[in-house]
Every structure is written in C-alpha cells, then in structure tokens.
Amino acid sequence: MEADVGGLQRKVVFSRVYPARVSNGDSGIALKDGRTLPFVVTRSWSAPAGHYDEAWYLVDPSTREVLYEHSSGEVRVWGLQSETEFSDTATKAIPLAPGKYLIVFALAGVKGGETTVSAVPAMGSAA
C-alpha cells in the first residue's frame, strides 16, 4: 500500500465548538436576544511543519455567506506526525438566528475542513 502524499496535506482532524460559559451548554453556539454569546472554537490541524496564517469562518450553509471571520494570525504547525491544537474564544456578539451553521477552517487560505454547529437560545433567554 502506498501513502497518499498528493495535495497540500492540510486538514483539521478534530474540532469542537461550545459556549464559553458552562451554564450555556456543552456544545454549539448559545444565543441571547438574537446574538451570539461568547463561544470557543477548538481544532487540531495535521499539516506540514511551518508557519501559516490560520482562520475560521462562520458560514450560512444555505447561501455559503460568511457571517463572521476569525483570523488567528500566523501560527506554527508542528508537522504531519503530530496534531497542532488551537483554541479561540469569539467574544463579539454576532447577529444570528437559531439553526445549523458551518464552521470552515483554513490554513494559508486553503480549506482544511468544516464542522456543522447548532445555534440555540441560551437557557432562560429568548433567541
């Protein structure tokens, strides 16, 4: 068997999105008054060792419109043999309706993966 070494070999092997406050749940994006509460985006990259501009995007899956862009700036990736984990907290209140969205991950402008995330009203609040 031969290894698949074609392409750019950049991929997210694990990701998780969850509210920054435990009281708002353990997964997804919590909403209050139609806006996001702070949430955490954690992901692990497998990519060739080096320095890259890294970003993630909150995307409406029906229109592919980018609703929010987060740039981590230049990051250091350890290499293909070990995953490199990054975690950011989005603190900006983003206008968002309840529903399903995508978080799309990019390394040096190359898409490395995506995950579906649910946006739901926080406990005891209206969307």
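Structure: above.
None of these values were measured; they are calculated from a predicted model. (Residues numbered from 1 in each chain as written. Predicted model: local features only at pLDDT ≥ 70, side-chain atom pairs only at ≥ 80, totals over all residues. Heavy atoms only, no water.)

A. Expanded view of the environment of alanine 93. Among the structural elements, alanine 93 can be located in the loop between strand E7 (84-90) and strand E8 (99-107). The spacing of alanine 93 and glutamine 81 is 12 residues in sequence and 37 Å in space, taken between C-alpha atoms. Leaving out residues up to four positions away in the same chain, alanine 93 has contacts with Arg35 and Thr36. (Helix = DSSP H or I, 4+ residues; strand = E, 2+ residues; numbered from the N terminus. Contact = heavy atoms within 4.5 Å.)

B. Focus on the environment of alanine 106. You can see alanine 106 is positioned in strand E8. Assessed through its relative accessible area of 7%, alanine 106 is described here as buried. With 16 residues separating them along the chain, alanine 106 and alanine 122 place their C-alpha atoms 29 Å apart. Residues in contact with alanine 106, not counting those within four places in the same chain, are Trp45, Asp53, Glu54, Ala55, Tyr57, Lys111 and Gly112. (Buried < 20%, exposed > 50% of the residue type's maximum accessible area, 1.4 Å probe, protein only.)

C. Region of interest: the packing of aromatic side chains. Taken as a whole and judged by the stated rule, the model has 2 aromatic pairs. With centroids separated by 5.6 Å and ring planes inclined at 50°, the aromatic side chains of tryptophan 56 and tyrosine 68 adopt a geometry described as tilted. Of this pair, tryptophan 56 sits in strand E5 (residues 50-59) while tyrosine 68 sits in strand E6 (residues 66-77), placing them 12 residues apart in sequence. In this pair, the class of tryptophan 56 matches that of tyrosine 68, namely buried. (Phe/Tyr/Trp six-rings, centres within 6.5 Å; stacked < 30°, edge-to-face > 60°.)

D. Summary view of the nonpolar core. Core analysis: the biggest nonpolar cluster contains 24 residues, and Ile29, Phe39, Trp56, Leu58 and Ile103 have the highest contact counts within it. Where this core is concerned, the elements lending two or more residues are strand E1 (11-19), strand E2 (29-32), strand E4 (39-46), E5, E6, E7, E8 and strand E9 (110-121). Element by element, the count of residues in this core is highest for E8, at 4 residues. (Core = buried A, V, L, I, M, F, W, Y, C linked by side-chain atoms within 4.5 Å.)

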